[in-house]
Amino acid sequence: MIIARRRSLSFLALSAAISVFSAPALAQDAEGGEIIVTAQRTNPDITPPTHQITTIDREELEMARAASDTLSTILAKAVPGLADSSRTMTDYGQTLRGRGSLILVDGVPYNTNRDSSRNLISVNPNMIERVDVLRGGTAIYGSGATGGLISINTRPAGGPLKIETSLSAVTSLSKLTDQSLGARAQQFVSGAVGSLDFALSGGYERIGAGFDGRGNRRAPEPSQGDLIDSNVWNVGGKLGHRLGTDGYVHGSVSYYRADQNSDYAADPATGRLPAGTVLARPIRGLELADQNQVHSLVATFGYRNGDLLGSKVDLLGYYRDLFVRFTPFDARGIANRGRNVDQVFQN
């Protein structure tokens, strides 16, 4: 068994005025045309910049989820230069312009030193307000963005009172049984009371099994793992307090938990046959107490001021605790893996 442990506690001090994802300033020229002004943290050359930005808003995400439920698959279809999703738990190999990408959620980096490649799966699409993808290497926001940056902004607190309830169900058309049935329920509330902004959310999702066009159950992914036969929970909250006209203090907590509980495993015998000669086959009878899991807890606290001694200040501190458990790996034919079946987890 291989074990790795990781917890992170960091504090960032950034200037909000120089964020590459700040909304562009608009002006009108003498002929009434629109002029777009953007700010960068570095001095650009006269030559055109190599960075390109793709923005996906909430409405586009909702439309895309009708055909692609996972965030990694949605982004792969919408962002030029982003590799296709494996449609499993992992985003391993999903490169941006052939290189790695740094994932930020409300300014918090989700990449770890020993990357578990479970970064996008732990973000609930229901809570996303906007996704900005910067294509092109950058070191401004930390390491790991050799191919670009994926900045995810969750739904904000404050504004008029808003109450949203979302219910949905899915099933396989080739196998209408309780095994293929999946369901999702999500609740979101936001608003403001005086100078206090708030947002609360919570949801549950049941992910059923997948079946092919002939009604045969698809085999579980034996390498990177999937969430077939899983229960997924998410809960989160944001609070913000306005300090006069320029100051704002805010905090947030979010928790995501996915636990698989399946009776099926992939038949290891098919892996010993020539590639492409036989389909993967599920076999029933799996007895494993701890299967694929993702548990993610993130807490943030920040302060920003638009005019503090003539400067703009944006401070963000965060804490993240991530636990992932991988599917067992059949290494009985690999000498340097001990010729046994092992299971890896990271915390």
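Here the structure is a predicted model, which is why all the values come from computation and not from measurement. (Residues numbered from 1 in each chain as written. Predicted model: local features only at pLDDT ≥ 70, side-chain atom pairs only at ≥ 80, totals over all residues. Heavy atoms only, no water.)

### Let's talk about the overall build of the protein chain
- A count of helical and extended segments in the protein chain gives two helices and 21 strands.
- A burial count over the protein chain gives 39% of its 347 residues as buried.
- If you take every contact in the protein chain between residues at least 6 apart in sequence, the share linking residues at least 24 apart comes to 62%.
- Carbon together with sulfur atoms contributes 56% to the accessible area of the protein chain, which is approximately 19,300 Å² in total. (Helix = DSSP H or I, 4+ residues; strand = E, 2+ residues; numbered from the N terminus. Buried < 20%, exposed > 50% of the residue type's maximum accessible area, 1.4 Å probe, protein only. Contact = heavy atoms within 4.5 Å. Areas by Shrake-Rupley, 256 points an atom, 1.4 Å probe, with all protein chains shown as cover.)

### Details of the packing of aromatic side chains
- As enumerated under the stated definition, the model contains two aromatic pairs in all.
- Taking the centre distance of 4.5 Å and the plane angle of 50° together, the rings of Y204 and W233 count as tilted. With Y204 in strand 12 (residues 196–207) and W233 in strand 13 (residues 230–243), this residue pair connects regions lying 29 residues apart in the sequence.
- What makes W233 partly exposed here is its relative accessible area of 48%.
- A cation over a ring is seen here: R155 above F188, with NZ or CZ 3.9 Å from the ring centre.
- We note R320 situated over the ring of Y110; from NZ or CZ to the ring centre the distance is 4.0 Å. (Phe/Tyr/Trp six-rings, centres within 6.5 Å; stacked < 30°, edge-to-face > 60°. Lys NZ or Arg CZ within 6 Å of the ring centre and 35° of its normal.)

### Let's talk about the confidence of the model for the protein chain
- For the protein chain, the mean per-residue pLDDT works out to 84, and 85% of the residues sit at or above 70.
- Counting contacts from residues 1–6, a segment whose pLDDT is below 50, to residues more than four positions away or on other chains yields 17 contacts.
- Low confidence marks residues 10–27, where pLDDT is under 50. Its contacts with residues over four positions away, or in another chain, come to 45 contacts. (pLDDT = per-residue confidence, 0-100.)

### Let's talk about helix 2 (residues 71–78)
- Summarising burial for helix 2: six of the eight residues are buried, a large majority.
- All of the buried residues along helix 2 are L71, S72, T73, I74, L75 and A76.
- Turning to helix 2, the residues buried within the fold contact strand 5 (52–57), helix 1 (58–64), strand 8 (128–135) and strand 9 (148–154).

### With respect to the pattern of salt bridges
- With the rule as written, the count across this model stands at eleven salt bridges.
- With a closest N to O distance of 3.6 Å, R184 and E205 form a salt bridge. Note that R184 is positioned in strand 11 (residues 182–193) and E205 in strand 12, a separation of 21 residues in sequence.
- For R184, a relative accessible area of 18% gives the class buried.
- The closest approach of N and O atoms between D290 and R325, which form a salt bridge, is 3.9 Å. Note that D290 is positioned in the loop between strand 16 (282–284) and strand 17 (293–308) and R325 in strand 18 (residues 311–325), a separation of 35 residues in sequence.
- On the basis of relative accessible area, R325 is assigned to the buried category, the value being 13%.
- Look at the salt bridges and you will find they share partners, linking R206, R217 and D229 into a network. (Salt bridge = Lys/Arg side-chain N within 4 Å of Asp/Glu carboxyl O.)

### Some details on the nonpolar core
- Among the nonpolar cores identified, the biggest contains 21 residues, and L71, L75, V131 and I152 are the most heavily contacted of them.
- Mapped onto this core, the elements with two or more residues apiece are helix 2, strand 6 (101–105), strand 8 and strand 9.
- Once residues lying within four places of it in the same chain are set aside, the contact partners of V131 are T54, T55, I56, L61, L75, I150, S151 and I152.
- Ranked by size, the runner-up nonpolar core spans eleven residues in total, among them I121, L227, Y256 and V344. (Core = buried A, V, L, I, M, F, W, Y, C linked by side-chain atoms within 4.5 Å.)

### As for the sheet that holds strand 9
- Taken in spatial order, the five strands of this open sheet run 5-8-9-6-7, and their pairing is mixed. Two strands in the sheet have a free side with no partner beyond their single neighbour: strand 5 and strand 7 (108–109). (Pairing = 2+ DSSP bridges.)

### Overview of the pairing of strand 18
- As paired elements, strand 17 and strand 18 share 14 bridges and run antiparallel to each other. Bridge pairing links T300 to Y318 in strand 18.
- Between the end of strand 17 and the start of strand 18, which pair antiparallel, lie two residues, with L309 showing a positive phi angle near 55°.
- Note: strand 18 against strand 21 (residues 345–346), two bridges, orientation antiparallel. Paired with R325 across the strands is F345, a residue of strand 21.

### Comments concerning unusual backbone geometry
- Located in the positive-phi region is R97, a residue other than glycine, with phi close to 55°.
- In this fold, R97 is placed in the loop between helix 2 and strand 6.
- The exposure class assigned to R97 is partly exposed, which follows from its relative accessible area of 41%.

### A few points about the side chain of Q260
- Along the polypeptide, Q260 turns up in strand 14 (residues 247–260).
- For Q260, a relative accessible area of 12% gives the class buried.
- A distance of 3.2 Å separates a polar atom in the side chain of Q260 from the backbone oxygen of D226.
- In terms of polar contacts, Q260 uses its side chain to reach the backbone carbonyl oxygen of I228, at 2.9 Å.
- Setting aside chain neighbours within four positions, we find Q260 in contact with D226, L227, I228, D229, S230, Q291 and N292. (Polar contact = N/O pair within 3.5 Å; in protein donor to acceptor, adjacent residues only side chain to side chain.)

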